[in-house]
Amino acid sequence: MPSLGAVTFLVHDYDEAITFFTRALRFDLLEDSPQGEGKRWVTVAPRGSHGTRLLLARAADDAQAAQVGHQGGGRVFLFLETDDFAADHAHMLAHGVHFREEPRHEPYGSVAVFDDLYGNGWDLIQPKR
């Protein structure tokens, strides 16, 4: 059965993106391998995750650079699920993550929209199980 292994996430700089994901969002750095000519194969994923990874891909030209921060076309782009909304929300706030709204408690769970380091919208969500 096929599975989704990775999603490309455009960045301006590998190291600033690694710092954001590993410190503010507490992701694991899974791989950081040189590919020659300044390119690197960099993957991150939520701690303990065995699913889809983000491939941090440095924009290679002006057209790609223009898309950094606009990967969702203005909509929430990615959904970060948690089993401890309050703790993760507090950690992210303490690390400078900008939330667009106060946490909401909906029939499907607790949620708040936040921006990553480039302005892409994400949902931090603790689904009701």
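Reading the values: the criteria
- Residues numbered from 1 in each chain as written.
- Predicted model: local features only at pLDDT ≥ 70, side-chain atom pairs only at ≥ 80, totals over all residues.
- Heavy atoms only, no water.
- UniProt positions renumbered as here; feature names shortened; annotations may be inferred.
- Helix = DSSP H or I, 4+ residues; strand = E, 2+ residues; numbered from the N terminus.
- Core = buried A, V, L, I, M, F, W, Y, C linked by side-chain atoms within 4.5 Å.
- Buried < 20%, exposed > 50% of the residue type's maximum accessible area, 1.4 Å probe, protein only.
- Domains from an automatic or database assignment.
- Contact = heavy atoms within 4.5 Å.
- Polar contact = N/O pair within 3.5 Å; in protein donor to acceptor, adjacent residues only side chain to side chain.
- Pairing = 2+ DSSP bridges.
- Buried area = accessible area lost by both parts, 1.4 Å probe.
- Phe/Tyr/Trp six-rings, centres within 6.5 Å; stacked < 30°, edge-to-face > 60°.

- The chain is annotated in an unreviewed UniProt entry as VOC family protein of Luteibacter pinisoli.

### A look at the UniProt feature "domain: VOC" (unreviewed entry) in the chain
Point 1. The UniProt feature table records "domain: VOC" (unreviewed entry) at residues 3-127.
Point 2. What you have in residues 3-127 is 22% helix and 44% strand, and the ends, taken at the C-alpha atoms, are 22 Å apart.

### Here we look at the nonpolar core
Point 1. Of all hydrophobic cores here, the largest spans 29 residues; its most connected members are F9, F21, L54, L56, F114 and W122.
Point 2. Contributions of two or more residues to this core are made by β1 (6-11), α1 (14-24), β3 (39-46), β4 (53-58), β5 (76-81), α3 (85-94), β8 (109-115) and β9 (121-127).
Point 3. Element by element, the count of residues in this core is highest for α1, at six residues.
Point 4. If you count residues domain by domain, this core takes at least three from each of domain 1 (1-68) and domain 2 (75-128).
Point 5. With residues up to four places along the chain from it excluded, the contact list for F114 reads L25, L80, M92, V97, H98, F99, R100, N120, G121, W122, D123 and L124.

### Let's talk about the side chain of N120
Point 1. Structurally, the position occupied by N120 is in the loop between β8 and β9.
Point 2. On the basis of relative accessible area, N120 is assigned to the buried category, the value being 2%.
Point 3. Within polar-contact distance, the side chain of N120 engages the backbone nitrogen of Q71 at 3.0 Å.
Point 4. Side chain to side chain, N120 and D116 meet in a polar contact 3.0 Å long.

### Notes on the pairing of β8
Point 1. Of all seven residues that make up β8, seven are buried, and the element is covered over most of its length.
Point 2. Residues of β8 alternate between two faces, with G109, V111, V113 and D115 on one and S110, A112 and F114 on the opposite face, all of them buried.
Point 3. Bridging between strand β6 (residues 98-99) and β8 involves two bridges; their strand directions are antiparallel. In the strand pairing of β8, F99 is matched with F114.
Point 4. Note: strand β7 (residues 104-106) against β8, three bridges, orientation antiparallel. Each residue of the ladder has a partner; that of H105, found in β8, is S110.
Point 5. Two successive antiparallel strands, β7 and β8, enclose a turn made up of two residues.
Point 6. Bridging between β8 and β9 involves seven bridges; their strand directions are antiparallel. Paired with V111 across the bridge in β9 is I125.

### Examining the domain arrangement of the chain
Point 1. What the domain assignment reports for the chain is domain 1 (1-68) and domain 2 (75-128).
Point 2. For domain 1 and domain 2, the distance between their C-alpha centres works out to 20 Å.
Point 3. Every contact between the two is made by 17 residues of domain 1 and, on the other side, 16 residues of domain 2.
Point 4. Three residues, F9, F20 and R26, lead the burial of domain 1 against domain 2; their summed loss comes to 40% of the area buried on that side.

### Things to note about the packing of aromatic side chains
Point 1. Counted according to the given criterion, the structure contains nine aromatic pairs.
Point 2. The interplanar angle of 85° and the centroid separation of 5.3 Å between the aromatic rings of F20 and F21 together place this pair among those described as edge-to-face. The pair formed by F20 and F21 is uniform in burial state, with each residue classed as buried.
Point 3. Here the aromatic rings of F21 and F27 are separated by 5.3 Å at their centres, their planes lie at 45°, and the arrangement is tilted. Across the pair, exposure class does not vary: F21 and F27 are buried alike.
Point 4. Three or more aromatic residues joined by ring pairs form one cluster here, namely F9, F20, F21, F27, F77, F99, F114 and W122.

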